Structures are given as C-alpha cells and as structure tokens.
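# Structure at a glance
Letter by letter, the chains look like this.
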Amino acid sequence: MPEKTSPRVTLRTLRQWITAGRKFPMLTCYDATTARWLWQGGIQTFLVGDTAAQFVLGHDSTLPATMPFLLELTAAVRRGAPHAFVMADMPFGSYQCGDDEAVRHAMAFVAQARADVVKLEVDASFAPLVRRLTHAGVPVVAHLGSRPQHKILHGGRSRTVYHTSDQVDRAVDEARLMVDSGAVMLLFEAVPAELTRRVVDEVAMNPAHGDGPIPIIGCGGGPACHGHVVVLHDLLGLTDWHAPFAQPVANLGEQLAKAAGAWRELVESGQYLRDDHPYHLEK
C-alpha cells in the first residue's frame, strides 16, 4: 500500500518501474472518494475514462461524454489521489474539431484538471496533432487498436482489429509513428498478444528520444504490456456484462443490493431512530 506521503507518481516513475521489470495495475476512476480508497489499496495509476458516460450517466456508449464533465471528474480524481498518476480521456469531438481547439482542450486537462497525460484514440492520420500537442508541452497517450469512439462507423459496435500478420506489421509501424511524433505512452485495446509483444520489443524499449522506455498499457492487450487497465465497475462485479479480459474479482453488485434491502427493511419496520435518535431538546 502506498503511503500518504509517497512521492508523486509521474511518467518518470513508470519508466523506472519498467526498467526494473515491475508491471503496474491501472483502473478507471471517476470520483474522489473511490480514488482515495483505490490508492489505499495500492493502485497508483488511474484512467478517468470517457466510459463515465456509461457507468456514471447511464448512456449506452462513450460518445455523450463532454469536456466539462470529464474535466470535473479528472479534477475530482486528482483531489482524491493527489500523488497518483492520472490519465485523462479526451472525449469524442474534443480533438477531432481542428488542431487549435484540440490543443486548447488538451491543455485544460493538464492545467485545470491536473492530469499527467491525455489519451486520444488515433490512427496514423493523427500524427501531426500528436506532434503539435507534444510541441505545446502536452504529454499524449496514443490509443490504438479497438477505438470505441469510432463504433458508430461500424454499426454501433467496437471492432477487434489486427487479425493478420500484415495488419500487425502495419500496427507496429503505426505505433512507431506515434512515438516518433512525440507520444509518451501507447495504449492497446483488444489486440492480439503478438502485437504488443512486438511493440514492447521493437518500439517501447528503443525510442528515438533518450528519456527511457515508452510505457505500453494493455486494455485486453496481452501479457507483454507494462501495465494493464480495466473498467473498475467490471472488476467489482457491478456490470451485467464485462469484457472477456476484465473478469470480476468481487461481487459488489449483489452486496450493494443486499445493503439496500437491509436499509429498506429497517425503515419499513418503523424501528429506525425510534430509540436512538441523536438530537434532543435541552432539558
């Protein structure tokens, strides 16, 4: 468990972990209270994901997440875990709207919400934007593989990509392009393990710059990844469906339902505060 006085976890920290052979867990988080408890449980890296549109607001996709909403959540997670490494998702429409707007939005996550990095769902066509954000001083995570923000293009479903060796070759080249354009981290969602193994060996450990290895985060990305992220609600058993790479380790959904039932029974019985109400008139 990290101490409250632990030094701030930064990109440099992650690189040191990688060099030492230490893999790290990352979880999605959307509020200060949860961030505080996750930190006490030893989680030191967080993703404030646009999945909050689904798990906080009840939408059926990530697309309705907005800049003000995610800025507020990112700032809340930072307050709950001041020393953690916080990755912020840039929502749909915040970086596809022209480079000037994209830079302003990305800077807001870093300057106002105090995120350590911003994550963009990209392909090779985004290399100039990654380059410009880097030049502006914004650390970028390039999200490759399945891209949920593009699901509407594919009939409302996210796609599993990179099925052939030729596709994997192109994906490695794409990863290298992102790093050469300035991306400080790569995140791969729903990809074959062979791809991330090659990216770790051929790209992450041999970046063009001399700052150290490029952290590779897997979201269903295979065992070679340096870190792994899943949706917290899946992990805790709070969802009716979970991704095949996010098996629950708890069943808090049933526990929450039981707690609600116990509270209902207590109130309906008429016993609540009957004999132990804490406030009284002065004698």
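Preceding this section is the structure that the text describes.
In short, a report on the structure.

The rules behind the values
- Residues numbered from 1 in each chain as written.
- Predicted model: local features only at pLDDT ≥ 70, side-chain atom pairs only at ≥ 80, totals over all residues.
- Heavy atoms only, no water.
- Helix = DSSP H or I, 4+ residues; strand = E, 2+ residues; numbered from the N terminus.
- Rg over C-alpha atoms; globule rule 2.2 N^0.38 Å.
- Buried < 20%, exposed > 50% of the residue type's maximum accessible area, 1.4 Å probe, protein only.
- Expected span 1.5 Å × (residues − 1).
- Pairing = 2+ DSSP bridges.
- Axes fitted to C-alpha atoms, helices over the stretch in contact; angles between N-to-C directions.
- Contact = heavy atoms within 4.5 Å.
- Right-handed = clockwise from strand over helix to strand, strands pointing away.
- Patch = residues over 30% accessible without salt bridge, like charges linked within 9 Å, V, L, I, M, F, W, Y side chains within 5 Å.
- Areas by Shrake-Rupley, 256 points an atom, 1.4 Å probe, with all protein chains shown as cover.
- Salt bridge = Lys/Arg side-chain N within 4 Å of Asp/Glu carboxyl O.
- Phe/Tyr/Trp six-rings, centres within 6.5 Å; stacked < 30°, edge-to-face > 60°.
- Parallel < 35°, antiparallel > 145°, perpendicular 65-115°, else oblique.
- Left-handed = near helix turned anticlockwise from the far one by under 90°.
- Nonpolar A, V, L, I, M, F, W, Y, C, P; charged D, E, K, R; others polar.

Take the overall build of the protein chain next. Counting secondary structure elements, the protein chain contains 10 helices and 8 strands. Relative to the 2.2 N^0.38 estimate, which gives 19 Å for 283 residues, the radius of gyration of the protein chain is 21 Å and therefore close to what a compact globule would have. When its C-alpha atoms are laid out on the principal axes, the protein chain stretches across 75 × 40 × 40 Å. With 283 residues in all, the protein chain has 48% of them scored as buried.

Here helix α10 (residues 252–269) contains 18 residues, and its C-alpha end-to-end distance of 25 Å stays within 8% of the 26 Å for a straight helix at 1.5 Å per residue. Two residues or fewer past α10, G270 is found with a positive phi of approximately 80 degrees.

Here the phi dihedral of R114 falls at roughly 65 degrees; this positive angle occurs in a residue that is not glycine. With respect to the helices and strands, R114 occurs in the loop between α5 (99–111) and β4 (117–121). Its identity is not glycine, yet L273 carries a phi of approximately 65 degrees, on the positive side. Structurally, L273 is set in the segment after α10.

As a further point, take the sheet that holds β4. Neighbouring strands of a sheet are bound in pairs by backbone hydrogen bonds; such pairs are parallel or else antiparallel. Spatial strand order, β1-β2-β3-β4-β5-β6-β7-β8: 8 strands in a closed barrel with parallel pairing. The average undirected angle you get between the axes of adjacent strands in this sheet is 25 degrees. Judged from the 4 bridges that link them, strand β2 (residues 45–48) and strand β3 (residues 85–89) form a sheet pairing that is parallel. Bridged to L47 within β3 is M87. Here helix α1 (residues 11–19) sits on the sheet in contact with β1 (24–28), β2, β3 and β6 (185–189), set at roughly 140 degrees to β1.

For the rest of this paragraph, the subject is the pairing of β3. In terms of burial, β3 is a largely internal element, 5 of the 5 residues being buried. Here β3 shows a buried face lined by F85, M87 and D89 and a second buried face lined by V86 and A88. Bridge count between β3 and β4: 3 bridges; the pairing is parallel. By the bridge assignment, A88 is partnered in β4 with V118. Each parallel crossover has a hand, and for β3 linked through α5 to β4 it is right-handed.

With that settled, consider the environment of Q167. Relative to the helices and strands, Q167 is located in helix α7 (residues 165–180). Look at Q167 and you get partly exposed, because its relative accessible area is 25%. Separated by 114 residues in the primary sequence, Q167 and L281 have C-alpha atoms spaced 75 Å apart.

What follows deals with a nonpolar patch on the surface. Among the surface-exposed residues, W263, L266, V267, Y272 and L273 lie close enough to one another that they form a single nonpolar patch of about 450 Å² accessible area. Tracing the chain through its elements places L266 in helix α10. According to the relative accessible area criterion, L266 is partly exposed, its value standing at 36%.

By the definition in use, this model includes 3 aromatic pairs. Taking the centre distance of 4.9 Å and the plane angle of 80 degrees together, the rings of W263 and Y272 count as edge-to-face. A residue is classified by how much of its surface remains accessible, and Y272, at 42% relative accessible area, is partly exposed.

With their axes 10 Å apart at the nearest point, α7 and helix α8 (residues 193–204) run at an angle of 40 degrees to one another. Of the possible angle classes, the one that applies to α7 and α8 is oblique. Remark: the crossing between α7 and α8 carries right-handed chirality. Packed against α7, whose contacting residues are V168, D169, A171, V172, A175, R176 and V179, the element α8 presents L195, R198, V199, E202 and V203 at the interface. When its residues are assigned to classes, the contact of α7 with α8 shows 8 nonpolar, no polar and 4 charged.

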